[in-house]
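Architecture at a glance
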Amino acid sequence: MGASSSTPLRECWPSIPANRIWKLYSESINSPQKFWGKQAREHLSWYRDFGIVHSGSFANEDNAWFLGGKLNASFNCVDRHAFEDPDKVALIYEADEAGSGRTLTYGDLLREVCKLSHVLKGMGVQKGDIVAVYMPMIPEAVIALLACSRIGAVHSVIFAGFSADSVRDRVFDAKCKVVLTVDESKRGGKTIGIKTVIDKAIAQCPTVSNVLVFKRTGAEVPWVSGRDRWWHEELRKWPGYIPPEEMDSEDPLFLLYTSGSTGKPKGVVHSTGGYLVGAASTGKYVFDIHDGDRFFCGGDVGWITGHTYVVYAPLLLGISTVIFEGTPVHPTPSRYWDIIEKHQVTQFYVAPTALRLLKRYGSEHVTGARSHLRVLGSVGEPIAPDVWKWYFETVGKTEAHIVDTYWQTETGCHAITPLAGITPMKPGSASLPFFGIDPVILDPVSGAEVDGNNIEGVLAFKQPWPSMARTVWGAHERYMDTYLKPFDGYYYTGDGASRDDDGFFWIRGRMDDIINVSGHRLSTAEIEAALIEHPTVSEAAVVATPDEITGQSSTAFLTLKDGSEVFETLHAELVLQVRNTIGPFAAPKGIYVVPDLPKTRSGKIMRRILRKIMAGEVDQLGDISTLSDPSAVGKIIEAVKAAA
Ligand code: 6R9
């Protein structure tokens, strides 16, 4: 294996003070066994050392890392730090209500994790079983993940904004025995009835035998006796220590459902050893994490960003991580900066959507001491240069390094990203590959590598890396078809990208039907499927539209069933339909009822035409004469104009 001849990274690095990084990067590509073997032994404690660092290939579907190695994730995140210094702060909880919260030391965390591990075992959870976690951003969510991994169970976190139907599909697909949840949650001053969602969801999931409920607000909630148990009552029955289970490096650590380009979400499976090595090494090199740091990632534990950078990376490296339950504008748009000042945060990591919102509120709200901030991270969507500049100048006072980190649920950790303090910053570019990532730009039609600089195409990775997803739960063929088969011999990211004159990468957005609303990954097919469930809707086409705050929003075009009429509350009902089927965050922003959708003669909906209409580019629709009814287009343009 050699570094891609098409990636003249060498040329980018001489300007970088630490030339050693180039040597390390070359080693990670040319001698991955040597590079990752060292990383794995440096960052993790193993019960049994691995014999082989890596085996397998994309083509043979047998990619495996740290073979023969035995370890436990919760031991690595908790025990070893607790034994060294039990009083060191592990979790800093900032509740939705400003000024309230608590901290847990590594000693506290170990006891809580052990108690919950006992409870899970008592409920019959065994090694390899999947446990669903439907919880807001409170310390117990972190405790839940670590307790699962301690006993060898596989966690499947479901974002607490998902509706009962979405929860049901995910719990059902993974055949979960136990669900961990809360009575209610608090967010932005609002109370959300979490337990009622769970009750509705699992009424249709026969595998679930127990629901453990943490009391967050103390509200009266419906109760199914025998099945439901209170967290505080169960935990006090058990001692604060239980030995961790010795897991194989390739045993699954978690599933995380994510949107694909079809309607059904995929349970992406991550392995224990490889994922943890990726989390710890990116934490160290990208965020420059050092002992004593206080890391604040604003992402939710329901998404991959929360898994890797609220929980695993900071805890593996033994530092303090902030768990923030609220929103950036409650009670005031200074909430993030208040937290940063109060806890002397050293690294802050957030999606551009939040930055766009805060920038719009005005720089006068960016208050408080921030000189301790060394690194400011961005994740989930492209960051526009003006927002980048605001982040760098107003938030970081030009003293903190900005890292625009490109990665995916499937990559497990950062893939293309600057290294704080090392990589030159270029606003809007995710810059250069992380160690072990060998990126190439392919011609989307021929699949050939596009050489040189100042080029664009689709982004793919040429060789396996430790934290890559191993499969899709119960659907390995889907894994192969989505990532490894589109371009033979490569991992296909699904994103378009370009490489500029300096060899820096620019992510151009999804090539498939995935849209990105406020950094939340959604599939247009999923939203269409939800809309079609409404009794009046015949056909639906959903497209992404640029949005100033949320980055993208979704716009739905619908035809109604014969005889149905547009009634006054239809719009509200359709929004409710999507909120109930997927979750409030997925609701389309624009809905147009049209006489017909633009379709080819074979019946394929031409979403491209809808996108052009929404972008106001009606003069660039291309050849529409091949449509089964070209006049449909004019009627859609009229409907959009009439609503403007
Ligand atoms: C971590 C996460 C993955 C998709 C990915 C891409 C987009 C993520 C980005 C970015 C531009 C960045 N994306 N980071 N686009 N610049 N720095 O978000 O995972 O939810 O799986 O989404 O998000 O399109 O393919 P996930």
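None of these values were measured; they are calculated from a predicted model.

Here we take up the site of the ligand. As a matter of local geometry, the ligand sits amid 17 residues, with Asp404, Thr409, Asp495, Arg510 and Arg521 nearest to it. At 2.8 Å from a nitrogen atom of the ligand is found a main-chain nitrogen or oxygen belonging to Thr405. Within the side chain of Asp495, one N or O atom sits 2.5 Å away from an oxygen atom of the ligand. With the chains in place, 95% of the 540 Å² that the ligand exposes on its own is no longer accessible. Mapped by element, the contributors of at least two residues to the shell around the ligand are α11 (304-316), β20 (401-405) and β25 (505-510). When grouped by side-chain class, the residues that make up the shell around the ligand number six nonpolar, six polar and five charged.

Side chains that differ in charge, positive against negative, can pair when their charged atoms come close. This model, assessed by the stated rule, comprises 38 salt bridges. Between Lys177 and Asp129 there is a salt bridge, and its shortest N-O distance comes to 2.9 Å. Remark: Asp129 occurs in the loop between α5 (106-122) and β6 (130-134) and Lys177 occurs in the loop between α7 (164-174) and β8 (178-182); sequence separation between them is 48 residues. Classification of Lys177 by relative accessible area gives partly exposed; the value is 26%. The exposure class of Asp129 is buried, given its relative accessible area of 19%. Residue Arg227 pairs with Asp228 through a salt bridge whose shortest N-O separation is 2.6 Å.

On to the state of the cysteines. For the structure shown, the criterion picks out zero disulfides. Free of any disulfide, Cys77 has its nearest neighbouring cysteine sulfur in Cys148, separated by 13 Å. Residue Cys176 stays outside any disulfide, its sulfur separated by 8.1 Å from that of Cys205, the closest cysteine.

The feature "domain: Acetyl-coenzyme A synthetase N-terminal" (unreviewed entry), as annotated in UniProt, sits at residues 23-77 in this numbering. Between the end C-alpha atoms of residues 23-77 the distance is 30 Å, and the span holds 45% helix and 18% strand.

So, on to the confidence of the model for the chain. Of the residues in the chain, 97% have a pLDDT of 70 or more, and the chain-wide mean is 93. In the model, residues 1-14 has pLDDT below 50 throughout and makes 42 contacts with residues more than four positions away in sequence or in other chains. Per the prediction output, this complex has pTM 0.91; the corresponding ipTM is 1.00.

Before going further, it helps to examine the side chain of Asp300. Tracing the sequence through the fold places Asp300 in the loop between β16 (294-297) and α11. Despite its burial, Asp300 remains without a salt bridge, the nearest opposite charge being carried by Arg187 at 5.3 Å.

Right, let's talk about the pairing of strand β4 (residues 89-94) for a bit. Within β4, five of the six residues are buried, which leaves the element mostly enclosed by the surrounding structure. Pairing analysis gives five bridges linking β4 to strand β5 (residues 101-105), with the strands arranged antiparallel. Looking at the pairing, Leu91 lines up with Leu104 of β5. Counted along the chain from β4 to the antiparallel partner β5, the turn is six residues long, and its residue Gly99 has a positive phi close to 90°. Relative to strand β17 (residues 320-324), β4 runs parallel, the two being bridged by four bridges. Bridge pairing in β17 links Ile92 to Val322.

With numbering aligned to this structure, UniProt lists the feature "domain: AMP-binding enzyme C-terminal" (unreviewed entry) at residues 526-604. Secondary structure over residues 526-604 splits into 24% helix and 32% strand, and the C-alpha atoms at its two ends are 17 Å apart.

This part covers the sheet that holds β25. Read across the sheet, four strands follow the order β21-β22-β24-β25 without closing on themselves; strand pairing throughout is antiparallel. Each edge of the sheet is formed by a strand with only one pairing partner; in this case those strands are β21 (439-442) and β25. Sheet twist, expressed as the mean angle between neighbouring strand axes with direction ignored, is 45°. Examined bridge by bridge, strand β22 (residues 455-461) and strand β24 (residues 491-499) share six bridges and lie antiparallel to one another. Looking at the pairing, Ile455 lines up with Arg499 of β24.

Take the sheet that holds β4 next. Strand pairing within a sheet occurs via backbone hydrogen bonds; the two strands may be parallel or antiparallel. Spatial strand order, β5-β4-β17-β16-β18-β19-β20: seven strands in an open sheet with mixed pairing. Each edge of the open sheet carries a strand with a single partner, namely β5 and β20. Here the average twist between neighbouring strands, direction ignored, is 20°. Of the pairings in the sheet, the one linking strand β18 (residues 347-350) to strand β19 (residues 375-379) comprises four bridges and is parallel in character. Of the residues in β19, the one forming a bridge with Tyr349 is Gly377.

Look at helix α19 (residues 631-643): 19 Å from first C-alpha to last across 13 residues, which is about the 18 Å you get at 1.5 Å a residue. Taken as a whole, α19 has its buried residues at Ala632, Val633, Ile636, Ile637 and Val640. Each buried residue of α19 lies within a common arc of 140° when the element is viewed along its axis, so the set occupies one face. Among the exposed residues of α19, those oriented more than 90 degrees off its buried face are Glu638, Lys641 and Ala642. Of the surrounding elements, those touching the buried residues of α19 are β29 (551-560), β30 (590-593) and α18 (607-614).

What follows is about the environment of Tyr349. If you trace the backbone, Tyr349 turns up in strand β18. Separated by 2.6 Å, the side chains of Tyr349 and Thr405 make a polar contact.

Turning our attention to the nonpolar core. Counting 166 residues, the largest nonpolar core has Leu116, Met135, Leu180, Trp231, Tyr312, Leu315 and Phe435 as the members making the most contacts within it. Here Trp231 is in contact with Leu116, Met135, Glu140, Ile143, Ala144, Leu180, Leu212, Val213 and Phe214, once residues within four sequence places are set aside. With 26 residues, the next largest nonpolar core counts Trp337, Ile340, Phe348 and Ala400 among its residues.

Here is what the cut-offs are and how they apply
Residues numbered from 1 in each chain as written. Predicted model: local features only at pLDDT ≥ 70, side-chain atom pairs only at ≥ 80, totals over all residues. Heavy atoms only, no water. Near = heavy atom within 4 Å. Polar contact = N/O pair within 3.5 Å; in protein donor to acceptor, adjacent residues only side chain to side chain. Areas by Shrake-Rupley, 256 points an atom, 1.4 Å probe, with all protein chains shown as cover. Helix = DSSP H or I, 4+ residues; strand = E, 2+ residues; numbered from the N terminus. Nonpolar A, V, L, I, M, F, W, Y, C, P; charged D, E, K, R; others polar. Salt bridge = Lys/Arg side-chain N within 4 Å of Asp/Glu carboxyl O. Buried < 20%, exposed > 50% of the residue type's maximum accessible area, 1.4 Å probe, protein only. Disulfide = S-S within 2.5 Å. UniProt positions renumbered as here; feature names shortened; annotations may be inferred. pLDDT = per-residue confidence, 0-100. Contact = heavy atoms within 4.5 Å. Lys, Arg positive; Asp, Glu negative; His and termini not counted. Pairing = 2+ DSSP bridges. Axes fitted to C-alpha atoms, helices over the stretch in contact; angles between N-to-C directions. Expected span 1.5 Å × (residues − 1). Arc of directions from axis to C-beta. Core = buried A, V, L, I, M, F, W, Y, C linked by side-chain atoms within 4.5 Å.

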